[in-house]
Structures are given as C-alpha cells and as structure tokens.
Amino acid sequence: MPNVQRTGSEVAFRVASEQLAALPGDPDLLACDIDWAGPVELELPDELAVQAACGIMHVHGRAAGRPQRLGVDYAGTLAGVLAAQGVLAASLARARGAGFTSVRTSVSEAALLSVQQYLAVATADDDWQEPWRAGGRPPFTSRDGVRFELEVLHGEGWQRFWAELGTDRSAVAAGWRPFQQRFATASADLPEALHRALRAVDYRTVAAVADATGVSVLPVRDDPAPPVDVPACTFRTMPGIARRTEWRGPAPLDGIVVVESTRRIQGPMVGHLLRMLGAEVIRVEPPGGDLMRGVPPLAGDCSARFRALNDGKHAVELDVKGERGRRELHELVADADAFVHNWAPGKAAQLGLDAGDLVRTSPGLVYAWSSGWEPLSWPETPLGTDYLVQAHSGLAAAVQPADEPSAPSLMTLTDVLGGAVSAMGVLAALLHRQRTGRGMRVDSSLFSASGVLPRPSRRLKWTVLDHPLRTSDGFVVLSGRTDPERLAAVLGTTPEGIAERFQERPSGFWAAELPVADVVATPVCTDLRELAGDRRFAAALDHSTHTFPLAPWEFS
C-alpha cells in the first residue's frame with residue numbers, strides 16, 4: 001500500500017486508500033501527498049474553501065441564480081481518485097524501469113479539473129455568449145407528489161412525450177434547447193407550462209407515456225445512501241499474453257498507446273486523463289469527424305467544450321458500422337495497450353467489437369467499457385445519463401440540505417467522476433498486465449462512480465455559515481470550524497445578525513480582516529473568466545485558445 005499523506009482532505013485520503021486497496025495490480029509503496037491548495041497560491045483550509053475559490057459553487061449554483069455549495073466532498077473525492085491514479089501510474093512506470101518514489105496532487109487541482117469544460121467555454125477566444133438563465137429547472141413533480149427526473153436525447157422523443165400529455169406546443173418548442181443544453185450550461189430554465197402539465201397527472205401516467213415515447217423517467221430518492229453497494233470498477237482477466245513495454249520517460253505513461261471510441265463527457269474524460277499522464281491517445285471518430293467539434297463557442301477552429309477533453313489526442317475517422325471500418329479498428333488496436341469506449345449497452349457485441357473480439361487481435365489488451373448503470377440490472381434499462389444516475393443513486397439527496405427538496409446538481413458530477421474512475425481502472429489493469437502479462441476487461445459506470453462519493457447516513461440541515469454569505473460585492477464562505485457565537489462577538493452582533501453584517505463590506509475586506517480572529521473567509525468565484533487572469537492560479541492553469549487546467553500530478 002502507498003503511504004498516502006494526510007496533509008489535506010481526510011476524504012481524499014480515505015478514497016485513495018480504499019480504492020488502491022480494492023484494485024488489482026499490487027501498486028508500489030510510494031509517498032503520496034494530497035494537500036488542499038497545491039500550486040494555487042491561496043489559503044484554502046477545507047472543501048468549502050476549494051469549492052468557492054475554484055468555481056464549483058458558481059457552476060453548481062447557476063440553476064439557482066446564486067453560488068451554492070455541494071453537500072458532498074466532491075473535490076476531495078475526485079482528488080482521492082486522482083491520487084490513486086498517480087500511484088498506479090508511477091507504479092506502472094517503475095515496473096517498466098522508471099525511478100519514481102513519490103506522487104503529489106491537490107484538492108484544488110481536482111476542483112479545477114471538474115469545471116474544465118465550463119472554464120473552456122468562459123475563456124474561449126470567441127465573441128459568442130453562452131445563453132443560460134436560472135430558474136425553471138427539473139426535477140418535475142407529478143399530481144401524486146412524486147418528484148422525478150426525465151431524460152430524452154432526441155427532439156422527436158421530446159415532442160412525442162409532451163404531445164401525449166396535451167402540452168402547449170410553443171412551450172414544448174421553447175423548452176427543448178435549455179433542456180438539451182443543461183449538460184453544457186448547468187442550468188435549465190424550462191417553461192412553467194411543462195411543469196404544470198406534469199403536475200396535472202399521476203406518476204403512473206407519466207411513466208406509461210414515457211415508456212411509449214422512448215423517454216426515461218426515474219423518481220428522485222430522498223435517501224442519500226446508495227440503493228446498493230457496488231465496486232467502483234469490476235475486472236476480468238482476459239486470455240493471451242501481452243508484450244511488456246519499456247519506459248521511455250519522462251511522463252509515467254510514455255510509450256503506452258490507448259485507442260478510444262467515446263462521446264459526451266464520461267468517455268472522453270478517460271482518454272484525457274491518460275493523455276495527461278503521458279499516453280498516446282488515438283481517438284476514433286465517425287466519417288466527417290465528431291459533430292461536437294462545431295458546437296459553439298469556438299476556441300480556434302474547434303469547439304472549446306470539445307477541446308477541453310480532447311486536445312492532444314490523435315483523431316482517426318472510421319465507420320465502425322461497416323466491415324472496412326471494423327477491420328481498420330482492429331488494426332489500430334493490434335498496436336495498442338488499451339481500448340476504451342462508452343457505447344450503449346450491447347453495441348460492442350452487435351458490432352463484433354467486444355472484449356473477446358478485440359483480444360484475438362491484441363492479446364493482453366486492456367479493454368474498458370464506461371457505461372451508465374453497470375452492474376445494476378433493470379427490467380428496462382433507463383438512459384444512463386448524469387442526472388438520472390444522481391436521482392437514483394441518492395446523490396441528488398446528498399448534494400442538497402435537508403430543508404430543501406432533493407435535486408441533482410446540474411453540474412455534471414457523475415460524468416466527470418465516472419471518467420476518472422474508469423481511467424483509474426485502466427491504470428490498475430495496465431499495471432496488472434505489466435506484472436503478469438495478462439490483459440483485463442474493466443467495467444465501470446456513472447452509477448458505480450457515484451458510490452465512491454462518501455455520503456452522510458441522513459440528509460443534514462445547514463446553518464447560515466454552511467452557505468455562501470452575501471457581501472457588498474459578492475459572496476464569501478467561512479472555514480468549516482467557525483464557531484457562530486465567537487464570530488458574532490468578533491463582528492459585534494448576534495449569531496442571527498451575522499449574515500446581515502457581512503453585507504456591509506466587500507469580500508476582500510472579510511478575507512483580509514477575519515484571519516486575525518482565526519477565521520478564513522474565502523471569496524467565491526462568480527465568473528470563471530476571473531480564474532484565467534488571477535496570478536494566484538498561474539501555476540495550475542494555462543491558456544492557448546482557451547484556459548485549461550494543467551496536469552494535476554507531480555512525480556519525483
């Protein structure tokens with residue numbers, strides 16, 4: 001087991017330790033340090049401060065029109081997964097001849113990684129402005145009081161669903177874009193007529209109409225605990241003996257080749273992280289290229305949102321639905337160490353590109369599938385997308401306080417974490433292969449990744465100090481151990497008057513003055529463009545046609 005240093009988040013330490021203990025590959029005993037701020041030159045003492053400073057509160061709060069905290073240690077959990085990745089990558093490099101002895105990452109770098117697509121859009125060298133507004137967001141509520149999430153990926157299904165319910169056609173048309181774009185904007189200002197139409201019918205009717213029109217609906221659970229415990233990744237050894245590769249350096253994964261056929265966020269995130277660790281990533285796209293390349297805003301000649309997860313990959317256009325394209329994919333995989341996809345369930349087998357098919361071409365291959373729901377079994381599997389998974393997994397209950405209704409964050413929490421968990425599984429399988437010569441199949445999902453996030457056993461009530469406090473020019477959050485009685489005395493007010501007192505001064509005043517009372521006040525980022533120009537983030541971010549996080553590990 002690596003020596004994971006407790007210099008930062010206890011949650012990050014626990015996640016890294018638990019995941020490394022559960023994974024194959026037998027990682028080396030390395031020093032692994034996970035601190036709060038890392039290269040960010042700010043005093044960031046806890047999860048709340050990191051969420052505030054690095055943009056998570058801003059993105060999560062867009063749907064409400066004000067910054068809001070996540071009720072789980074999301075940045076700390078992602079940092080723990082990154083730490084596990086770092087240890088696995090360093091162990092793999094050592095098995096191939098490198099001399100790494102330590103790994104370092106931070107909660108702040110994890111937080112910046114989690115908002116990288118939103119950051120890319122905000123800082124793209126394009127005059128296009130992303131349209132989004134607060135309010136009107138799902139979940140929906142039925143006549144019998146069931147709160148539920150709804151998902152459909154195509155406009156035809158959207159129109160048919162609402163038409164069956166007799167909904168005003170203009171509202172249906174107006175609602176499609178904000179609904180479709182909520183994955184990109186973290187907001188969804190839907191017309192009230194849509195909510196009203198669903199409040200007029202029982203959930204049983206909603207479910208029947210959804211089933212008839214190809215729409216997925218799931219109730220939002222109020223229990224923060226997962227309905228069932230599953231491992232983050234499952235592994236199965238594959239036949240054949242792989243060639244062992246020598247380390248080239250300087251990055252841990254130099255010399256490793258990964259082929260990916262992925263879309264949206266979860267899948268591309270896998271290859272993105274492996275590329276940041278030094279792997280060569282070959283991205284398979286359909287003829288004409290991925291349609292996401294043209295989605296505004298543009299950063300140079302390509303979508304900023306697409307570039308955030310796909311820069312640095314080598315793109316190859318193949319039609320895997322045709323015999324020639326499948327043959328060319330086999331040729332790519334023959335020289336690769338890993339193949340990653342997030343196709344719909346059953347598609348790989350339908351195409352003849354499942355693990356058993358590709359391992360005959362590439363003995364010892366690491367084959368990774370990132371899905372929505374594996375290993376859950378459903379009579380009819382719902383669409384495996386972020387907000388449905390949050391609703392069913394209990395995460396929607398955990399991210400909100402007890403005095404507010406359970407609701408998924410519209411920040412893509414499980415997409416990002418799901419990609420990170422899959423990349424962790426690929427690294428463990430590559431390490432196992434280097435030690436044994438045997439390849440592995442690695443299965444993970446949005447649902448399995450959601451279970452990595454530690455949750456309270458019940459929903460918690462928050463005090464005024466658990467929320468961002470409005471100041472005269474923005475918001476601040478206070479370090480988590482702040483005593484309300486002592487703070488009130490310092491401010492010359494009562495505990496009930498703390499929130500009002502903070503509105504009298506700007507955020508910078510409170511950040512400068514409160515440390516004398518042993519209270520850290522962290523200004524909340526309310527515009528991601530500010531991060532790009534803040535010199536305190538200069539060692540964590542870089543800029544080309546858009547601003548992007550640098551690799552979140554240091555190896556020595």
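Worth saying up front: this structure is predicted, and the values here are computed from it rather than measured.

Undergrad: Account for the sheet that holds strand β17 (residues 475–478), with residues named and values stated.
TA: Strand order in the open sheet formed by three strands is β16-β17-β18, with antiparallel pairing between adjacent strands. Since the sheet does not close on itself, it has two edges, and those belong to β16 (469–470) and β18 (521–523), each with one partner. Two elements, β16 and β17, share two bridges in a ladder whose sense is antiparallel. Directly across from L469, in β17, lies its bridge partner V476.

Undergrad: Please give an account of the environment of L23 that cites residues and values.
TA: Along the chain, the position of L23 falls in the loop between α1 (10–22) and β2 (31–35). With relative accessibility at 11%, the residue L23 sits in the buried group. Note: C-alpha distance between L23 and A93 (70 residues apart in sequence) is 17 Å. Other than its neighbours up to four places away in sequence, L23 contacts L88, F235, M424 and A428.

Undergrad: Describe the pattern of salt bridges, listing the residues and the values that go with them.
TA: Using the criterion set out here, one finds 26 salt bridges in the structure. Ionic pairing is found between D202 and R143, a salt bridge with its closest N-O pair at 3.1 Å. Taken together, the residues span a long stretch of sequence, with D202 in the loop between α10 (192–199) and α11 (203–213) and R143 in the loop between β4 (140–141) and β5 (147–151) at a distance of 59 residues. Owing to a relative accessible area of 28%, D202 belongs among the partly exposed residues under this scheme. Note on R143: relative accessible area 53%, which makes it exposed. A salt bridge links E192 to R199; the nearest nitrogen and oxygen atoms lie 2.3 Å apart. Owing to a relative accessible area of 41%, E192 belongs among the partly exposed residues under this scheme. For R199, a relative accessible area of 40% translates into the label partly exposed. Linked through salt bridges whose partners overlap, the residues forming this network are E260, R283, E285, D290, R293 and K313.

Undergrad: Account for helix α14 (residues 323–334), with residues named and values stated.
TA: In this model α14 runs 17 Å from its N-terminal to its C-terminal C-alpha over twelve residues, within 8% of the 16 Å that 1.5 Å per residue would give. Within the span of α14, buried status applies to G325, L329, H330 and V333. Mapping the buried residues of α14 onto a view down its axis gives an arc of 145°, with all of them on the same face. In α14, those exposed residues whose orientation departs by more than 90 degrees from the buried face are E323 and R324. Its buried side turned inward, α14 meets β8 (257–261), β9 (280–285), β13 (338–341) and α16 (355–361).

Undergrad: Break down the packing of aromatic side chains for me, with residues and values.
TA: Summed over all chains, the structure comprises 17 aromatic pairs. Between the aromatic rings of F161 and W162, the centroid separation amounts to 5.1 Å while the plane-to-plane angle is 85°, which identifies the pairing as edge-to-face. Its relative accessible area of 1% is what places F161 among the buried residues. The buried category is assigned to W162, whose relative accessible area is 0%. Taken together, the ring pairs in this structure connect F140, F148, W158, F161, W162, W176, F179 and Y203 into an aromatic cluster.

Rules used throughout
Residues numbered from 1 in each chain as written. Predicted model: local features only at pLDDT ≥ 70, side-chain atom pairs only at ≥ 80, totals over all residues. Heavy atoms only, no water. Pairing = 2+ DSSP bridges. Helix = DSSP H or I, 4+ residues; strand = E, 2+ residues; numbered from the N terminus. Buried < 20%, exposed > 50% of the residue type's maximum accessible area, 1.4 Å probe, protein only. Contact = heavy atoms within 4.5 Å. Salt bridge = Lys/Arg side-chain N within 4 Å of Asp/Glu carboxyl O. Expected span 1.5 Å × (residues − 1). Arc of directions from axis to C-beta. Phe/Tyr/Trp six-rings, centres within 6.5 Å; stacked < 30°, edge-to-face > 60°.

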